[in-house]
Amino acid sequence: MVRKHNRDLKIAGPVSLRFFPGISVSAERLSLSNAPWASNPEMLTLKRIDLDIKTLPLLSKRIEVGSVKLAGLELHLQKNASGKVNWDMSADSPNATPGSGGDNADASSVGNNLIYMESVSIVDAQIQYQDPVNSTSHYQIKRLSLTESGDTSSISLSMQAQGQALELSGKTGSLSGLLRQSDASSMQFPVNLNLGMNGKTLMMKGEVSKLPKAMPTINLTLSSKAFDWPSLSATVNQAPHASDGAKSDPVARQPTKSQSKYLFSNESIPFDMLPQAKGKVVISIAELGLPKRKPIENLQATVQLSGSDIDIPNLTFQMGKGSADLQIKLSGLDAANPQFVAKGVT
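All of these numbers come straight from a predicted model, not from anything done at the bench.

A. Molecular detail of the environment of Arg48. Counting through the fold element by element, Arg48 comes out in strand S5 (residues 42-53). What makes Arg48 partly exposed here is its relative accessible area of 31%. The sequence separation of Arg48 and Ser26 amounts to 22 residues, and the corresponding C-alpha distance is 7.3 Å. Among residues more than four places away in sequence, those in contact with Arg48 are Ser26, Ala27, Glu28, Lys69, Leu70 and Ala71. Reaching out from Arg48, the side chain makes a polar contact with the side chain of Glu28 at a distance of 2.7 Å.

Spelled out as structure tokens, the structure:
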């Protein structure tokens, strides 16, 4: 057992270690204790981890991971009414003081020497997030594969989010390079991904770039011949996840929710949590399916990003026998009361 920041890391199963041809570590039945105020006693449990570390880079004080394999991960994330999150372990340290930079310096040092990972594999992962009002969101990762080669990362993901099956595949810029990215250097991160849902595909192509000490610039195109608006919603007062014995799928226990009287959802949109960026997102979807409603057809939109402001100078679509030509502006998204202005013809 290892204890740090008032958290206990336990390994209850067998551990194996090999040194040839590289350093290989395997361990079973791992757990990490939760914050004292959290609902679950354990923040993380893991059936098995396999880790391969390359030997030669260690001589240059660099850590290069050949592969990481995780199986049977259960992760319980939570945010309480005071705004604390259980994954911020520095807040649990009895010696933590506001503005202390020891851990940040250590993290920076580790970040400079770490991380290059050729492949990451996750199977059978369950992730639960509980917000301050006790609404619970469930995510099941059936399979995630990340493979890195040079400046390119290949992604393959099969998961369920709130009962909705999702598939993600394609290529991006180097994820390891993104983790090592500092605010003192420029970055270019190409994106070429396909998001699949209900047998339909949304293509996402473009680039995210960033200059030193500046907000990122996003230039993306989202296009599809047919796609469905995702029906995702959190549940309230979810029954506790069984930790022993037969494991049931947490998604299957979600109650059926009544249809909202609004077009998309009656839940508040957390605009203040959106990352600030500049750039443009162009959307072109021939048919956008809506839950229990007629689809939106010929959806065309240009979304212009400018820090805390979002401007949509042209949004056109048809729905049934009607059509719309709108202009929308959102401003002050980082303020307590963002401003929303819409005008046009319907």
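B. Representation of the nonpolar core in the model. Val281, Ile283, Leu299 and Leu315 are the most contacted members of the largest nonpolar core, which has 50 residues in total. When residues of this core are assigned to their parent elements, the largest contribution, 6 residues, is made by strand S16 (residues 277-290). Filtering out sequence-adjacent residues up to four positions away, Leu299 remains in contact with Ile283, Ser284, Ile285, Leu288, Leu315, Thr316 and Phe317.

C. The arrangement of the pairing of strand S18 (residues 309-319) in detail. Bridge analysis of strand S17 (residues 293-307) against S18 gives 8 bridges, and the strand direction is antiparallel. Directly across from Gln300, in S18, lies its bridge partner Thr316. The antiparallel hairpin formed by S18 and strand S19 (residues 322-331) contains 2 residues in its connecting segment, where Gly320 sits at a positive phi of about 65°.

Each value, and the rule that gives it
- Residues numbered from 1 in each chain as written.
- Predicted model: local features only at pLDDT ≥ 70, side-chain atom pairs only at ≥ 80, totals over all residues.
- Heavy atoms only, no water.
- Helix = DSSP H or I, 4+ residues; strand = E, 2+ residues; numbered from the N terminus.
- Buried < 20%, exposed > 50% of the residue type's maximum accessible area, 1.4 Å probe, protein only.
- Contact = heavy atoms within 4.5 Å.
- Polar contact = N/O pair within 3.5 Å; in protein donor to acceptor, adjacent residues only side chain to side chain.
- Core = buried A, V, L, I, M, F, W, Y, C linked by side-chain atoms within 4.5 Å.
- Pairing = 2+ DSSP bridges.

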